[in-house]
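Structural description and commentary
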Amino acid sequence: MTDPIPAATLILLRDRDAAPPDVLMVERARALAFAGGAMVFPGGRIDPGDVALAAAIDAGADGAARIAAIRETIEEAGLAIGLDPPPSPAVVKTIRRRLHGGEPFGAILSDYGIALDLAALVPFARWLPDHVPVRVFDTLFFLARAPADATASADATETVRLCWSSAAAVLREADAGAVTLIYPTRRTLERLALFADYDAAVAQARRHPVRTITPFVETRDGQDWLCIPDDYGYPVTAEPVSQVQRG
């Protein structure tokens with residue numbers, strides 16, 4: 001396997017009255033080499049600046065991943081999670097513009113007197129596929145609660161649109177052929193569909209400490225299935241290889 005690229009993803013859940021929570025999904029531009037045209041959660045690779053900032057604030061083993069998830073969510077969706085104090089919409093817009101311009105995240109936060117609240121992110125999963133269609137990512141997934149009044153917007157470069165929807169509704173759209181989901185995203189949505197609210201998702205995440213998931217192929221009745229271990233908290237752990245979208 002080629003050297004994996006460290007990455008981080010943020011699953012934002014927004015509770016609803018008497019209904020399952022909404023999850024924020026973004027559609028990647030079709031021109032992108034990895035998962036082009038697929039619906040995913042906000043996120044991306046961990047940059048050297050994320051590593052440097054994590055070291056500067058002694059953020060712990062997964063600190064750079066948490067910072068990357070926060071930064072990427074601002075860049076891709078215009079939402080600021082894990083910042084203290086929470087910036088105004090106008091400040092978020094400016095932070096996003098400056099990030100797109102290549103300015104260091106830490107310097108931008110310092111300009112506004114904003115600290116990182118990395119505890120706002122809850123570890124949920126770690127996916128490290130060994131399939132190499134384009135490149136391999138070693139991705140940490142985090143959960144966070146979305147502000148009730150959150151207004152998100154696609155960046156029109158990496159992400160061409162976004163939506164808030166229940167996990168079950170996104171899966172129905174995928175089954176109908178209306179959206180594309182890669183394997184880790186589908187398995188994650190199936191897991192999210194179990195939860196009545198954000199707190200239930202966090203509780204289940206804490207019952208299943210994060211272990212690296214590397215899907216494997218298993219032959220069943222003459223058919224190849226792409227599988228994951230059955231004790232990681234996922235209700236569906238196998239899918240025929242012929243049906244899998246792998247990125």
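Right above here is the structure, for reference.
In this report, we go over the structure that sits alongside the text. Everything numeric here is computed off the predicted structure, so don't read it as measured data. (Residues numbered from 1 in each chain as written. Predicted model: local features only at pLDDT ≥ 70, side-chain atom pairs only at ≥ 80, totals over all residues. Heavy atoms only, no water.)

1. Looking at the overall build of the protein
- From N to C terminus, the protein includes seven helices and 13 strands.
- With the C-alpha coordinates aligned to their principal axes, the bounding extent of the protein is approximately 60 × 45 × 35 Å.
- Relative to its full complement of 247 residues, the protein shows a buried share of 51%.
- Sequence-distant contacts in the protein: of pairs separated by 6 or more residues, those separated by 24 or more amount to 64%. (Helix = DSSP H or I, 4+ residues; strand = E, 2+ residues; numbered from the N terminus. Buried < 20%, exposed > 50% of the residue type's maximum accessible area, 1.4 Å probe, protein only. Contact = heavy atoms within 4.5 Å.)

2. Details of unusual backbone geometry
- Here the amide bond leading from aspartate 84 into proline 85 is cis, since omega sits at 0°, within 30 degrees of zero.
- When you line up the elements, proline 85 lands in the loop between β5 (83-84) and α3 (89-100).
- Of note in the backbone geometry, aspartate 221 takes a positive phi value of approximately 50° without being a glycine.
- Looking at the element boundaries, aspartate 221 is found in the loop between β11 (216-220) and β12 (223-227).

3. A word on the nonpolar core
- Leu12, Phe105 and Leu116 are the most contacted members of the largest nonpolar core, which has 40 residues in total.
- Of all the secondary structure elements, the ones that give two or more residues to this core are β1 (5-16), β2 (19-28), α1 (48-56), α2 (63-77), α3, α4 (105-111), β8 (137-145) and β9 (159-166).
- The element contributing the most residues to this core is α2, with eight residues.
- Discounting chain neighbours no more than four positions away, the residues touching phenylalanine 105 are Leu53, Ile67, Ile70, Arg71, Ile74, Leu83, Ile95, Leu99 and Leu116.
- Of all hydrophobic cores here, the second largest spans 33 residues; its members include Ile11, Cys163, Val202 and Ile213. (Core = buried A, V, L, I, M, F, W, Y, C linked by side-chain atoms within 4.5 Å.)

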